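Chain residues, written in single-letter form:
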Amino acid sequence: MPGLPDIIGHCRHSGRAVYCEVKTKGDRLSEDQRNFLASAAQAGAIVYLSTVDEADIPQLIQWKDATS
């Protein structure tokens, strides 16, 4: 399935799906990945993007806006 995230799970308490896309420094989301994550978030899933910043510090960002 195009755009399927790297990590897939569910929240025991809410039953909601949890998705996390992992990107290395300089890597970008593909259009398929962006569309999947945006659709999943809109459907009620908990969605994260894991990456590193310019100083190589790991970041875990909750997906809130499809234009991010």
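Residues numbered from 1 in each chain as written. Predicted model: local features only at pLDDT ≥ 70, side-chain atom pairs only at ≥ 80, totals over all residues. Heavy atoms only, no water.

(A) Quick look at the pattern of salt bridges. As enumerated under the stated definition, the model contains three salt bridges in all. Here K23 and D27 are joined by a salt bridge, their closest N and O atoms 3.8 Å apart. For K23, a relative accessible area of 10% gives the class buried. Its relative accessible area of 40% is what places D27 among the partly exposed residues. D56 is the partner of K25 in a salt bridge, and the nearest nitrogen-oxygen pair spans 3.3 Å. Taken together, the residues span a long stretch of sequence, with K25 in the loop between β2 (17-22) and α1 (31-42) and D56 in the loop between β3 (46-52) and β4 (58-62) at a distance of 31 residues. Through salt bridges with shared partners, a single ionic network connects E21, K23 and D27. (Salt bridge = Lys/Arg side-chain N within 4 Å of Asp/Glu carboxyl O. Buried < 20%, exposed > 50% of the residue type's maximum accessible area, 1.4 Å probe, protein only. Helix = DSSP H or I, 4+ residues; strand = E, 2+ residues; numbered from the N terminus.)

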